[in-house]
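An overview of the molecular structure
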Amino acid sequence: MHDFSFKRGRLYCENVSVDSLVKKHGSPLFIYSHGTLTRNFNELDKALAPLDHTVCFAAKANSNLGVLRTLANAGSGFDIVSGGELQRIMAAGGSPSKCIFAGVGKTEEEIELALKKGIYSLNAESEPELIRINKVARRLKKKAPVAIRVNPNIDAKTHAKITTGTYENKFGIAFEEVEAVYDRASKLKNLHIRGLQMHIGSQLTEVEPFEKAVKKVIPLAKRLVEKYSIEFISIGGGLGIVYDPALESGDAKWWRSPKRKDLLTPKKYASKLIPLLKPLGLKVLIEPGRFIAGNCGILVTRVEYLKQTGVKNFVIVDAAMNDLARPALYDSYHQITPIKQRAGDNLKKNQISSDVVGPICESGDYFCKNRMLPKTGEGDYLALLSAGAYGFVMASNYNTRTFPAEVLVKGNQAEVVRKRQKTKQLWASESVPKWLK
Ligand SMILES: *Cc1c(COP(=O)(O)O)cnc(C)c1O
């Protein structure tokens, strides 16, 4: 479920029309729903209530301060992957004591910052990293709270670029080796071994891989409790969302109200995992990013031109792969709809097979191909749905294009939570060498 719906033919985010927002703040524009964010968070949080648990939102999915604050207010902890993200969490009013720090390449500076700020746990991904954390902690005269990321070698059955839990991936320490690494880490005096972590991949739509991975690591977790009194197990993020409610191409009805049919619901997830985890008696962390933020956001874009070639109808819009990279990166599907519906839009005769493309000079710069969409024209606005996770955060300035603005909506209120970048800002930190002047 999300809070974008048509009322009297106009797309709304909660109680604010998308049309009014794009007129006021320009295009392209990211719009986020406060209600969707908090509902997604609460749904997961409630489902896990039988466990001593913390939901740690994966900040990399959407790190806008307004979004982070919304979740901090809801009681979320955070999964972070850089020192920059830690500083963002603090700028948004979140607490480092509810942050866990993942990532294979933590620098000494990042480790130092995390320790000074009182991070809950550094989730180490290799033995050299543990040695480095110990060294930094010794210098700071601290005991560094650490968990080790185990790679359970379970295929998450998702897109290759977002699978992380098999031995083909760079993440974590192999299941067969990890216990020996714990044993060696326990001899490093400035480490406090606090937990066990894993994360097998992203956009999982079935619970089975999670179940398999948890079952596989439970005996290990038990031994770690006995040997090192670990306090927590983090089972990672990865819960998938519905990107394509129709799930069939060429359907005459391009707009479908979002229903979580056959999807990994928090209930289903919790009902399979709680019985496995509860007997451990450990604190349980989960690290969802996409599940919480994915459906909370849309990207609105203006139609600039219609271009017909012999075989194709191109709808050229003012957003591009630099604003939303997912289709170019992962071939991913985003539902696309005009923000105003007209009578008869659902009739085949009023639709046209469309390639919605951006203005960037790359063939990968497209949002959909050969999709039946209502006919649109210059100046119309389209919304790309489910753009709340891995959307703006992956934006770049490629082609000297400015970052779009971001707006957060709550009920009737809407506020710009990131101003549109100004073109001059793009080269403000650049200079021409003196010897060229
Ligand atoms: C990216 C990431 C997540 C979040 O993944 P989602 O698929 O967005 O839920 C969680 N944990 C770690 C360690 C990650 O790198």
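Residues numbered from 1 in each chain as written. Predicted model: local features only at pLDDT ≥ 70, side-chain atom pairs only at ≥ 80, totals over all residues. Heavy atoms only, no water.

Observations concerning the overall build of the chain
Counting its secondary structure elements, the chain contains 11 helices and 21 strands. For 437 residues, the compact-globule estimate of 2.2 N^0.38 gives 22 Å, and the C-alpha radius of gyration of the chain, at 23 Å, lies within 12% of that figure. When the backbone C-alpha atoms are referred to their principal axes, the chain occupies close to 70 × 65 × 40 Å. Burial status across the chain gives 57% buried among its 437 residues. For the chain, the share of sequence-separated contacts (at least 6 apart) that also reach a separation of at least 24 residues comes to 72%. About 19200 Å² of surface is accessible on the chain, with carbon and sulfur atoms providing 51% of the total. Of the side-chain charges in the chain, 66 are positive and 44 negative, and the distance between the mean point of each set is 4 Å. (Helix = DSSP H or I, 4+ residues; strand = E, 2+ residues; numbered from the N terminus. Rg over C-alpha atoms; globule rule 2.2 N^0.38 Å. Buried < 20%, exposed > 50% of the residue type's maximum accessible area, 1.4 Å probe, protein only. Contact = heavy atoms within 4.5 Å. Areas by Shrake-Rupley, 256 points an atom, 1.4 Å probe, with all protein chains shown as cover. Lys, Arg positive; Asp, Glu negative; His and termini not counted. Charge placed at Lys NZ, Arg CZ, Asp CG, Glu CD.)

Let's talk about the sheet that holds strand β1 (residues 4-7)
Pairing is antiparallel in the open sheet, where 3 strands are placed in the order β1-β2-β3. Looking at the sheet topology across the chains shown, the edges are occupied by β1 and β3 (16-17). In the sheet, β1 pairs with strand β2 (residues 10-13) via 4 bridges, with the strands oriented antiparallel. Paired with F4 across the strands is C13, a residue of β2. (Pairing = 2+ DSSP bridges.)

Notes on helix α1 (residues 18-25)
Burial in α1 covers these residues: V18, D19, L21, V22 and H25. An end-on view of α1 places all buried positions within 165 degrees of arc, on one side of the element. Turned more than 90 degrees away from the buried face of α1, the exposed residues are K23 and K24. The positive-phi residue at the C-terminal boundary of α1 is G26, with phi of around 85 degrees. (Arc of directions from axis to C-beta.)

Describing the pattern of salt bridges
Here the structure, examined in full by the defined rule, presents 20 salt bridges. Here K106 ties to E129 by a salt bridge, and the two come within 2.5 Å at their closest N and O atoms. Of the two residues, K106 is situated in the loop between β7 (99-101) and α5 (108-117) and E129 in helix α6 (residues 127-139); the sequence distance between them amounts to 23 residues. With a relative accessible area of 4%, K106 lands in the buried category. Close ionic contact of E231 with R194 constitutes a salt bridge, the shortest N to O distance being 3.0 Å. Of this pair, E231 sits in the loop between α8 (208-228) and β12 (232-234) while R194 sits in strand β11 (residues 191-197), and the two are 37 residues apart along the sequence. (Salt bridge = Lys/Arg side-chain N within 4 Å of Asp/Glu carboxyl O.)

Remarks on the site of the ligand
What surrounds the ligand is a group of 15 residues, the closest being K60, S202, G238, E287 and Y390. E287 has a polar side-chain atom sitting 2.6 Å from a nitrogen atom of the ligand. Between the ligand and R290 there is a distance of 2.8 Å, counted from an oxygen atom to a backbone nitrogen or oxygen. Surface burial for the ligand is 94%, taken as the share of its 390 Å² of free accessible area covered by protein chains. In terms of residue class, the shell around the ligand is made up of 4 nonpolar, 6 polar and 5 charged. (Near = heavy atom within 4 Å. Polar contact = N/O pair within 3.5 Å; in protein donor to acceptor, adjacent residues only side chain to side chain. Nonpolar A, V, L, I, M, F, W, Y, C, P; charged D, E, K, R; others polar.)

Quick notes on the environment of K187
Along the chain, the position of K187 falls in the loop between α7 (175-185) and β11. A distance of 3.5 Å separates a polar atom in the side chain of K187 from the backbone oxygen of D183.

Some points on the domain arrangement of the chain
Here the chain is described as being made up of domain 1 (4-12 + 295-427) and domain 2 (103-286). Contacts between the two partners involve 24 residues from domain 1, matched on the other side by 15 residues from domain 2. Both faces combined, the contact of domain 1 with domain 2 buries some 1700 Å², and carbon together with sulfur accounts for 55% of it. Contact with domain 2 buries area across many residues of domain 1, yet Y330, Y333 and Q335 alone supply 32% of it, more than any other trio. Between the two partners, domain 1 and domain 2, sit 0 salt bridges. Between domain 1 and domain 2 we count 1 residue pair in polar contact (both at pLDDT 80 or more) in total. Only β1, α11 (326-330), β16 (336-338) and β18 (366-374) provide two or more residues apiece to the side of domain 1 that touches domain 2. In the side of domain 1 that touches domain 2, the residues fall into 12 nonpolar, 9 polar and 3 charged. (Domains from an automatic or database assignment. Buried area = accessible area lost by both parts, 1.4 Å probe.)

Details of the packing of aromatic side chains
Tallied over the full model, the rule gives 6 aromatic pairs. When the centroid spacing of 5.9 Å and the interplanar angle of 80 degrees are considered together, the rings of F30 and F392 count as edge-to-face. Linking F30 in strand β4 (residues 29-33) with F392 in the loop between β19 (381-384) and β20 (405-410), this pair joins segments that are 362 residues apart in sequence. For F30, a relative accessible area of 0% translates into the label buried. A relative accessible area of 11% means that F392 is categorised as buried. Seen from their ring centres, F210 and Y269 are 5.2 Å apart, and the 90 degrees between their planes marks the pair as edge-to-face. On the criterion of sequence distance, the pair formed by F210 in helix α8 and Y269 in helix α9 (residues 266-277) is long-range, its members being 59 residues apart. According to the relative accessible area criterion, F210 is buried, its value standing at 3%. Each residue in the set F30, Y32, F392 and F403 is aromatic and connected to the rest through ring pairs, giving one cluster. (Phe/Tyr/Trp six-rings, centres within 6.5 Å; stacked < 30°, edge-to-face > 60°.)

What about the side chain of E129?
Residue E129 is classed as buried on the basis of its relative accessible area of 6%. Contacts of E129, omitting those with residues within four sequence positions, involve G103, V104, K106, N123 and A124.

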